[in-house]
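# Fold and geometry: a report
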Protein chains: 2
Amino acid sequence: MSKLIIPRKTVYRLSLYYRALQRAKANGIDTVSSAALATAAGVKPTQLRKDLTYFGQFGTRGLGYNVAQLSARLTDVLGTTRLQPVILVGAGNLGSALLKYPGFAKEGFEVAAAFDLEPSRQRAKELGVRVLPMTKLTEFLRGNQVKMAILTVPAHVAQEVTNNMIDAGIMAILNFAPIILQVPDHVVVNNVDLAIELENLSYFIQ
Amino acid sequence: MSKLIIPRKTVYRLSLYYRALQRAKANGIDTVSSAALATAAGVKPTQLRKDLTYFGQFGTRGLGYNVAQLSARLTDVLGTTRLQPVILVGAGNLGSALLKYPGFAKEGFEVAAAFDLEPSRQRAKELGVRVLPMTKLTEFLRGNQVKMAILTVPAHVAQEVTNNMIDAGIMAILNFAPIILQVPDHVVVNNVDLAIELENLSYFIQ
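Residues numbered from 1 in each chain as written. Chains lettered and ligands numbered in written order. Predicted model: local features only at pLDDT ≥ 70, side-chain atom pairs only at ≥ 80, totals over all residues. Heavy atoms only, no water.

## So, the nonpolar core
Convention followed: We define a nonpolar core as any set of buried Ala, Val, Leu, Ile, Met, Phe, Trp, Tyr and Cys residues linked to one another through side-chain atoms lying within 4.5 Å. Type-normalised accessible area, obtained with a 1.4 Å probe on protein chains alone, sets the label of each residue: buried when under 20%, exposed when over 50%, and partly exposed for intermediate values. A contact between two residues is defined here by any heavy atoms of the two lying within 4.5 Å.
Of all hydrophobic cores here, the largest spans 46 residues; its most connected members are Ile-150 of chain A together with Ile-150 of chain B. If we skip the residues at most four places from it in the chain, Ile-150 of chain A touches Val-86, Ile-87, Leu-88, Val-89, Leu-98, Phe-104, Leu-174 and Phe-176 of chain A together with Leu-198 of chain B.

## A word on the relation of the copies chain B and chain A
Threshold: To line up the copies, we fit them by least squares on C-alpha atoms, keeping just the residues with pLDDT of at least 70 in both.
Least-squares fitting of chain B to chain A yields an RMSD of 0.0 Å, with the transformation described by 0.0 Å of translation along the axis and a rotation of 180°. Here the symmetry operator amounts to a two-fold rotation axis. When C-alpha positions in chain B are compared against the rotation axis, the closest is assigned to Ala-97 of chain B, at 3.1 Å. Most of the interface of chain B is mirrored in chain A, where 100% of its interface residues again form contacts.

## Describing the interface of chain B and chain A
Just so we agree on the cut-off: The buried area of a pairing is the accessible area, by a 1.4 Å probe, that goes missing from both parts when the two are put together, added over both. Definition used for salt bridges: Asp or Glu carboxyl oxygen within 4 Å of a side-chain nitrogen of Lys or Arg. Each polar contact in these results corresponds to two N or O atoms within 3.5 Å; when the atoms are within protein, one needs to be able to donate a hydrogen and the other to accept it, and residues that are neighboring in sequence are counted only if both atoms are side-chain atoms. Helical segments are the DSSP runs of H or I of at least four residues, strand segments are the runs of E of at least two, and each set is numbered from the N terminus. Just so you know the grouping, Ala, Val, Leu, Ile, Met, Phe, Trp, Tyr, Cys and Pro go in nonpolar, Asp, Glu, Lys and Arg go in charged, and all remaining residues, Gly too, go in polar.
In this complex, chain B contributes 60 residues to the contact, which on the side of chain A involves 60 residues. Both sides of the chain B and chain A interface together cover about 5,700 Å² of buried area, and 66% of this is carbon and sulfur. For chain B, the biggest contributors to the area lost against chain A are Glu-199, Tyr-203 and Ile-205 of chain B; these three give 14% of the whole. Scanning the region where chain B abuts chain A turns up 2 salt bridges. Residue Glu-199 of chain A pairs with Arg-19 of chain B through a salt bridge whose shortest N-O separation is 3.2 Å. Linking chain B to chain A there are 14 residue pairs in polar contact (both at pLDDT 80 or more). When residues of the side of chain B that touches chain A are assigned to their parent elements, the largest contribution, 11 residues, is made by helix 10 (residues 194–204) of chain B. Looking at the side of chain B that touches chain A, its residues break down into 36 nonpolar, 12 polar and 12 charged.

By themselves, these figures tell us nothing about what the structure is for.
Here is the structure:
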């Protein structure tokens, strides 16, 4: 199968549809109408129908979408059919909290290892994952086929760590450090910046 | 001053410009060109110029933007001129990590209180913030002018907690629970869903 070129915002919405389908499945529902699926995903029905045209015809007029079939197609497109290995760099407060996040494995991601300036066996045991020293980062990445990283280091070291990770093969970064990372074109960065999210809300409540 | 109506995505970018200006200021820079500011914020110069037209003329042709003036205008528009009170609901792993986040006060937000099913004095001391029982949520919100909430409760209670908060006056929610919250039109929700961010990256590394 050739790779589909899907716009970035559509890819986000595919995740929303996938989640809504999982909830439908958990509730024993086999078929959903586009209107019901759109509402459950928090988008407009016209948007949903447009997004799903990337996969050709899927719904049956008057019947709606087959929950199992559409789910399978979405995980296939999203690349989460198999368990995706990911590393976490910076096991401080936020990094540790994320490592305890129960959703990783459930959603198809496996934390292959965490890295920290000061790893300790105690911490590793608490977190249930290997915590390696930063000096082992390059070696680890070269020896393992990991392409995704979660970055939870302080802002002032984030760019340097990023450069090292990219040299060692990382191609996608979920960045929690409050800076704009400079990366080559083949690398994708998604930013989660708490302060920006709050500022954005702040504007809307004035 | 009448309220400007600015599209949601533009408001996000204003935060990026503001951060880039703060870095310029920290480096002793008084004036920046639109090209330099755009690069520092990670957007295209044409986008920056378009976004700033919402405030009328700002730059001086050939000279660029005055860093202090533009910063002041942005905090004014974003509503972060004064310290904004915010509550955090759900002081578990993720909630606790966020409470330890040093950027809150720096960015103009003050955590007025945290709420949890099982508050403890020990926890409150560790976190440096009042941790109140969930049963006090409504009373607290009615007695204090807090309009923003950070929601870090488990998914299965998120909607119920949201309904209670909205009844008590909350108008903006930063939601970390992996569900689509149903809210009335006057309430704004920003979602931070780790699994969705990872899935999105996963698509791009295939």
